Amino acid sequence: MSFTAHIQATNLIVVGARSTVDRRRKALERVNRELSRGKYETALSLVKQLKSKHGCLSGFASAKLLPKKSPVLDTLEGLIDSVSRSFESVSPEANSVRNFQDHKAITSSSPEEDWLAVVQHESGHFLVGYLLGVLPRRYEISNLEAMSSVTGRVEFVGFEFLKQVGAANQFMKDDVNLSVPQGYVSSKTLNNFSCVILGGMVTEHMLFGYSEGFYSDVVKLNRVLQWRGFTEMEKAAHIRWAASNTVSLLHSYNDARVSLAEAMAKAKPIGACIEAIESAIS
């Protein structure tokens, strides 16, 4: 091949690569618009099309959960144990808001370090959901100046059943003599939710070796499993299984989570956060 032909062929490859990225970014801008309008199912449909028809999203819904009785890698066993113990140490009545004034009274962390922990925590939720095919629809991370009482959150398309859980728990508060009415949600949705809700705590354990706060995640999962009628033994087994999957996912996609956290720290839109994930994976 002549030098000129080689350059032309190389240019074709580069242009093709750029067109794929450009097409993905343009499509993700449309996803942002649909999400901003509250058209969550339309946004989800667009993402699925990018995945199946155009092959632009290799990360979305790419993760497969382990069977319930699958063995766990020895290198991750300690981390899974740590997460499970942290979960068990939180009472169901724990305060659901991380209060940084109380936190600062017992630790020497700076406001910047606390804010960074929130960013890392929320990136764990976001990434696990995305890998499992659960589209984040919006997220919020408090400004550094507002970190005295408000934390961050990520909301997802497909977890609307949580409204039923909230109604059931309110029902219980109104009449403590009644048992919790068992609710229904598909096993797939429950399994995905369980892993997503643990994503923040697992991320903190991976980065810092422990999790300081964010007890609302624990309370929320406890309430969902109670709503589904799980016994204490069933609950413990399910949580450990979910922790195993979540640890494995975040361990495997650590580079993507780092890129995602950087995007979230800059308050970039959902589409740009997805782009950060996909760029890191590819």
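To keep things clear, this report deals only with the structure shown in the data block. (Residues numbered from 1 in each chain as written. Predicted model: local features only at pLDDT ≥ 70, side-chain atom pairs only at ≥ 80, totals over all residues. Heavy atoms only, no water.)

## Concerning the pattern of salt bridges
When the charged atoms of two side chains lie near each other, side chains of opposite charge can form a pair.
Alright, step 1. Following the criterion strictly, the structure yields 10 salt bridges and no others.
Alright, step 2. Ionic pairing is found between Arg 24 and Glu 275, a salt bridge with its closest N-O pair at 2.8 Å. Of this pair, Arg 24 sits in helix H1 (residues 3-36) while Glu 275 is found in helix H11 (residues 270-281), placing the two residues 251 residues apart along the sequence. The same class applies to Arg 24 as to Glu 275, namely buried.
Alright, step 3. Between Asp 81 and Arg 240 there is a salt bridge, with its nearest N and O atoms 2.8 Å apart. Taken together, the positions of Asp 81 in helix H3 (residues 74-89) and Arg 240 in helix H9 (residues 232-252) put the pair 159 residues apart, joining distant regions of the chain.
Alright, step 4. Under the relative-accessibility criterion, Arg 240 is labelled partly exposed at 29%. (Salt bridge = Lys/Arg side-chain N within 4 Å of Asp/Glu carboxyl O. Helix = DSSP H or I, 4+ residues; strand = E, 2+ residues; numbered from the N terminus. Buried < 20%, exposed > 50% of the residue type's maximum accessible area, 1.4 Å probe, protein only.)

## Re helix H8 (residues 215-227)
Alright, step 1. For H8, which comprises 13 residues, the first-to-last C-alpha distance of 18 Å matches the rise-based estimate of 18 Å (1.5 Å per residue) to within 8%.
Alright, step 2. In the stretch just after H8, Gly 229 is the one whose phi turns positive, near 85°. (Expected span 1.5 Å × (residues − 1).)

## What about the packing of helix H5 (residues 111-131) against helix H7 (residues 187-208)?
Alright, step 1. Between H5 and H7, the shortest axis-to-axis distance is 7 Å and the interhelical angle comes to 135°. Relative to H7, the element H5 is oriented oblique. Crossing of H5 over H7 shows right-handed handedness. Residue-level contacts link Ala 117, Gln 120, His 121, Gly 124, His 125, Val 128 and Gly 129 of H5 to Cys 195, Val 196, Ile 197, Gly 199, Gly 200, Met 201, Thr 203, Glu 204, Leu 207 and Phe 208 of H7.
Alright, step 2. The residue inventory of the contact of H5 with H7, partitioned by class, reads eight nonpolar, eight polar and one charged. (Axes fitted to C-alpha atoms, helices over the stretch in contact; angles between N-to-C directions. Parallel < 35°, antiparallel > 145°, perpendicular 65-115°, else oblique. Left-handed = near helix turned anticlockwise from the far one by under 90°. Contact = heavy atoms within 4.5 Å. Nonpolar A, V, L, I, M, F, W, Y, C, P; charged D, E, K, R; others polar.)

## Digging into the nonpolar core
Alright, step 1. Phe 126, Leu 135, Tyr 139, Phe 161, Leu 198, Leu 221 and Met 264 are the most contacted members of the largest nonpolar core, which has 65 residues in total.
Alright, step 2. Per element, the largest residue contribution to this core is eight residues, and it comes from H7.
Alright, step 3. Discounting chain neighbours no more than four positions away, the residues touching Met 264 are Glu 122, Ser 123, Phe 126, Tyr 139, Ile 141, Val 154 and Cys 273. (Core = buried A, V, L, I, M, F, W, Y, C linked by side-chain atoms within 4.5 Å.)

## Quick word on the packing of aromatic side chains
Alright, step 1. Using the criterion set out here, one finds seven aromatic pairs in the structure.
Alright, step 2. Ring geometry for Phe 159 versus Phe 193: centroids 5.3 Å apart, planes at 90°, classification edge-to-face. Of this pair, Phe 159 sits in the loop between strand E2 (153-156) and helix H6 (162-174) while Phe 193 is found in helix H7, placing the two residues 34 residues apart along the sequence.
Alright, step 3. By relative accessible area, which is 2% here, Phe 193 ends up buried.
Alright, step 4. Measuring from centroid to centroid gives 6.0 Å for Phe 161 and Trp 227, while their planes differ by 20°, and the two rings are stacked. Of this pair, Phe 161 sits in the loop between E2 and H6 while Trp 227 sits in helix H8, placing them 66 residues apart in sequence.
Alright, step 5. Taking the relative accessible area as the measure of exposure, Phe 161 reaches 7% and is therefore buried.
Alright, step 6. Relative accessible area serves as the criterion here: at 3%, Trp 227 is assigned to the buried category.
Alright, step 7. Every member of this aromatic cluster is reached through a ring pair, and the members are Phe 156, Phe 159, Phe 161, Phe 193 and Trp 227.
Alright, step 8. Positioned above the aromatic ring of Tyr 40, the side-chain terminus of Arg 137 is 4.6 Å from the ring centre. (Phe/Tyr/Trp six-rings, centres within 6.5 Å; stacked < 30°, edge-to-face > 60°. Lys NZ or Arg CZ within 6 Å of the ring centre and 35° of its normal.)

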